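Take a look at the letters that make up each chain.
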Amino acid sequence: MIDWSRAKELYEEVGPEDFSEVVEIFLEEVEGTIEKLRSPDLATLEQDLHFLKGSALNLGFRQFSRLCQEGERRSAQGEAKEVNTGAIITSYEASREEFMRDMNSQLRAEN
């Protein structure tokens, strides 16, 4: 679900203190957009999913990012009504839980 090598790469690039801030900002911004998905505006769904996809890739939320990419593609093709936002939300919540639970051990582990 999480691409720990990507998360570790970012961790090493910015350092522990800044990484904590990046995670905090990520969670705030993504959760705001996730709330929008609970009652999606089909007119902005493609842009919302594009934002989520990019944010997710930065921290290694691989599965969540793939679902956002698929939803973004469907929205772009005029199929926004068919996007399963519930599955996207569920994937985010599971990814967030795994990330927060395992972050310290995974990021500090030796390669």
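Residues numbered from 1 in each chain as written. Predicted model: local features only at pLDDT ≥ 70, side-chain atom pairs only at ≥ 80, totals over all residues. Heavy atoms only, no water.

Trainee: Describe the overall build of the protein, and please don't skip the residues or the numbers.
Mentor: In terms of helices and strands, the protein carries 5 helices and 0 strands. Listing the helices and strands of the protein from first to last along the sequence gives α-α-α-α-α. At 14 Å, the protein has a C-alpha radius of gyration in line with the 13 Å of a compact globule built from 111 residues. Each of the three principal axes of the protein carries a C-alpha extent, and together these read 45 × 20 × 20 Å. Across the 111 residues in the protein, those meeting the buried criterion constitute 41%. Once local pairs closer than 6 in sequence are excluded, the contacts in the protein between residues at least 24 apart make up 71%. (Helix = DSSP H or I, 4+ residues; strand = E, 2+ residues; numbered from the N terminus. Rg over C-alpha atoms; globule rule 2.2 N^0.38 Å. Buried < 20%, exposed > 50% of the residue type's maximum accessible area, 1.4 Å probe, protein only. Contact = heavy atoms within 4.5 Å.)

Trainee: Break down the packing of aromatic side chains for me, with residues and values.
Mentor: One pass over the structure, following the stated rule, counts 7 aromatic pairs. Relative to phenylalanine 99, the ring of tryptophan 4 lies with its centre 5.3 Å away and its plane at 5 degrees, an arrangement referred to as stacked. Here tryptophan 4 is found in helix 1 (residues 4-14), whereas its partner phenylalanine 99 is found in helix 5 (residues 85-108), with 95 residues between them in sequence. Each member of the pair, tryptophan 4 as well as phenylalanine 99, is classed as buried. An angle of 45 degrees between the planes, with centres 5.3 Å apart, marks the rings of phenylalanine 61 and phenylalanine 99 as tilted. Of the two residues, phenylalanine 61 is situated in the loop between helix 3 (45-59) and helix 4 (62-76) and phenylalanine 99 in helix 5; the sequence distance between them amounts to 38 residues. By the burial criterion, phenylalanine 61 is buried, and phenylalanine 99 matches it. Members of the aromatic cluster, each reached through a chain of ring pairs, are Trp4, Tyr11, Phe19, Phe26, Phe61, Phe64, Tyr92 and Phe99. (Phe/Tyr/Trp six-rings, centres within 6.5 Å; stacked < 30°, edge-to-face > 60°.)

Trainee: Before we move on, can you summarise the side chain of serine 55 with the specific residues and values?
Mentor: Topologically, serine 55 is positioned in helix 3. Ignoring any residue separated from it by four or fewer positions in sequence, one finds serine 55 in contact with Phe26 and Val30.

Trainee: I'd like to hear about the nonpolar core, residue by residue, with values.
Mentor: By size, the foremost hydrophobic cluster in this structure holds 28 residues, and its most contacted members are Phe19, Phe61, Phe64 and Phe99. Among the elements of the structure, helix 1, helix 2 (16-38), helix 3, helix 4 and helix 5 are those that each provide at least two residues to this core. (Core = buried A, V, L, I, M, F, W, Y, C linked by side-chain atoms within 4.5 Å.)

Trainee: Any chance you could break down a negative patch on the surface for me, citing the residues and the numbers?
Mentor: Negative charge collects at one region of the surface, where Glu17, Asp18, Glu21, Glu24, Glu28 and Glu29 lie side by side. With respect to the secondary-structure elements, glutamate 29 resides in helix 2. You can call glutamate 29 partly exposed: its relative accessible area is 44%. (Patch = residues over 30% accessible without salt bridge, like charges linked within 9 Å, V, L, I, M, F, W, Y side chains within 5 Å. Areas by Shrake-Rupley, 256 points an atom, 1.4 Å probe, with all protein chains shown as cover. Salt bridge = Lys/Arg side-chain N within 4 Å of Asp/Glu carboxyl O. Lys, Arg positive; Asp, Glu negative; His and termini not counted. Charge placed at Lys NZ, Arg CZ, Asp CG, Glu CD.)

Honestly, it's all geometry; don't read function into it.
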